[in-house]
Amino acid sequence: MAVRQGTRPIGRVAVLGALLALAGPIPSAAEAAPAEPESACVAGTGPYQRELEAHVGRPVDGVQSTADCHAVRAFQRTNGVSPADGYPGVATYRTMLVVTARPDPNAAGDCPEREQRVTCVDLERQLLWVQKGGRVVFRPVPIRTGRDYQETRPGWHEVYWRSKDHVSTLYGTPMPHAQFFDGGQALHGAPGSLYEGGGSAGCVNLTEPDAKRLWDLLAEGDDVYVWGTKPGTED
């Protein structure tokens, strides 16, 4: 059958096309499906509640609210903290310290400025960066330093030996991109989380990607300066 418009026949295909045009575009499967609701933010009060409340601009009362939870979760998502559940725990707090330090990690002037590269190890904030003169050439990253009675030794040191695929002779554990600066203490990568276990046996642990980037930057003879006290260790 054909429909006539004036004197020209219009076939079934043309009629169907005209009807579809009137109906508008067909929605995709994603558009047709209802949007997933935002999951409830129900994380409770965390050990770094006040610090995170201050950082994300919430009233500082030390008690988690739904609005606090959402604000902390937004910070976690922006800065790659997993899980992004709104809980003000140690990983989120340590990430906050890195973010806060980025504009000027040496604002307090604790790490001496020299013409040569200096790797700065801040035990108090558990941060590492590299500066040359007043210029930061390796932005601050989180670290894990020595636990109580095995503290990372403060003062001036020098990278005296580098071992890319090192394995500890004492503990049998991998120490990728190890750069030794004082006895058996080294800057090196550590698998897993830096926020667990309380501390190292004296080395300065970095994430494996950060350790590789630091390896690519430094050389034997480079200066390392360590100062402060790691939280949870004796003075």
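Predicted model, so just to flag it, every value in this text is computed and none were measured.

(A) Structural view of the side chain of Asp-222. Within the element layout of this structure, Asp-222 appears in the loop between α6 (208-217) and β11 (223-227). By relative accessible area, which is 12% here, Asp-222 ends up buried. Of note is the side chain of Asp-222, whose polar atom sits 2.9 Å from the side chain of Arg-117. When near neighbours in sequence (up to four residues on either side) are disregarded, Asp-222 contacts Arg-117, His-157, Glu-158 and Val-159.

(B) Quick look at helix α4 (residues 66-79). Compared with an ideal rise of 1.5 Å per residue, which puts 14 residues at 20 Å, α4 spans 20 Å between its outermost C-alpha atoms and is within 8% of the ideal. All buried positions along α4 are accounted for by Asp-68, Cys-69, Val-72, Arg-73, Phe-75 and Gln-76. Across the axial projection of α4, the buried residues extend over an arc of 160°, all falling on one side. Across α4 from its buried face, at more than 90 degrees, point the exposed residues Thr-66 and Thr-78. Looking at the buried residues of α4, the elements they touch are α3 (49-55) and α5 (90-101). Looking one or two residues beyond α4, the residue adopting positive phi is Gly-80, at roughly 75°.

(C) Up close: the pairing of strand β9 (residues 185-189). Within β9, five of the five residues are buried, which leaves the element mostly enclosed by the surrounding structure. Both faces of β9 are covered, namely the face carrying Gln-185, Leu-187 and Gly-189 and the face carrying Ala-186 and His-188. Sheet topology places strand β8 (residues 174-182) next to β9; three bridges connect them, and they run antiparallel. If you follow Gln-179 over to β9, its bridge partner there is Leu-187.

(D) Layout of the packing of aromatic side chains. If you walk through the whole model with that rule in mind, you get six aromatic pairs. Measuring from ring centre to ring centre gives 5.8 Å for Trp-129 and Trp-227, while their planes differ by 80°; the resulting arrangement is edge-to-face. Remark: Trp-227 occurs in strand β11 and Trp-129 occurs in strand β4 (residues 127-132); sequence separation between them is 98 residues. Between the aromatic rings of Trp-161 and Phe-180, the centroid separation amounts to 5.2 Å while the plane-to-plane angle is 25°, which identifies the pairing as stacked. Residue Trp-161 is found in strand β7 (residues 161-167), and its partner Phe-180 is found in strand β8; the two are separated by 19 residues along the sequence. You can call Phe-180 buried: its relative accessible area is 6%. In textbook terms, an aromatic cluster arises when at least three aromatic residues are bridged by ring pairs, as seen for Trp-129, Trp-156, Tyr-225 and Trp-227.

(E) Structural view of the nonpolar core. In this structure, Val-121, Leu-128, Leu-187, Val-204, Leu-206, Leu-214 and Val-224 are the most contacted members of the largest nonpolar core, which totals 17 residues. At the level of secondary structure, the elements contributing two or more residues to this core comprise β4, β5 (135-142), β10 (204-206), α6 and β11. Beyond its immediate chain neighbours, meaning those up to four positions away, Val-224 contacts Thr-119, Val-121, Gly-155, Trp-156, His-157, Val-159, Phe-181 and Leu-187. Among the nonpolar cores identified, the runner-up in size contains nine residues, and Val-98, Ala-101, Leu-127 and Tyr-225 belong to it.

(F) Up close: the state of the cysteines. Counted by the stated rule, this structure contains two disulfides. Between the sulfur atoms of Cys-41 and its disulfide mate Cys-69 the distance is 2.1 Å. An S-S torsion of about -80° defines the bridge between Cys-41 and Cys-69 as left-handed. One end of the pair, Cys-41, is in the loop between α2 (29-32) and α3; the other, Cys-69, is in helix α4, and 28 residues separate them in sequence. The class of Cys-41 is buried, set by a relative accessible area of 7%. Given a relative accessible area of 0%, Cys-69 falls into the buried group. Paired through a disulfide, Cys-111 and Cys-120 show a sulfur-sulfur distance of 2.1 Å. On the sign convention where negative means left-handed, the S-S torsion of about -80° between Cys-111 and Cys-120 marks this disulfide as left-handed. Sequence-ordered numbering of the bonded cysteines in the protein gives a disulfide pattern of 1-2, 3-4.

What counts and how
- Residues numbered from 1 in each chain as written.
- Predicted model: local features only at pLDDT ≥ 70, side-chain atom pairs only at ≥ 80, totals over all residues.
- Heavy atoms only, no water.
- Helix = DSSP H or I, 4+ residues; strand = E, 2+ residues; numbered from the N terminus.
- Buried < 20%, exposed > 50% of the residue type's maximum accessible area, 1.4 Å probe, protein only.
- Polar contact = N/O pair within 3.5 Å; in protein donor to acceptor, adjacent residues only side chain to side chain.
- Contact = heavy atoms within 4.5 Å.
- Expected span 1.5 Å × (residues − 1).
- Arc of directions from axis to C-beta.
- Pairing = 2+ DSSP bridges.
- Phe/Tyr/Trp six-rings, centres within 6.5 Å; stacked < 30°, edge-to-face > 60°.
- Core = buried A, V, L, I, M, F, W, Y, C linked by side-chain atoms within 4.5 Å.
- Disulfide = S-S within 2.5 Å.

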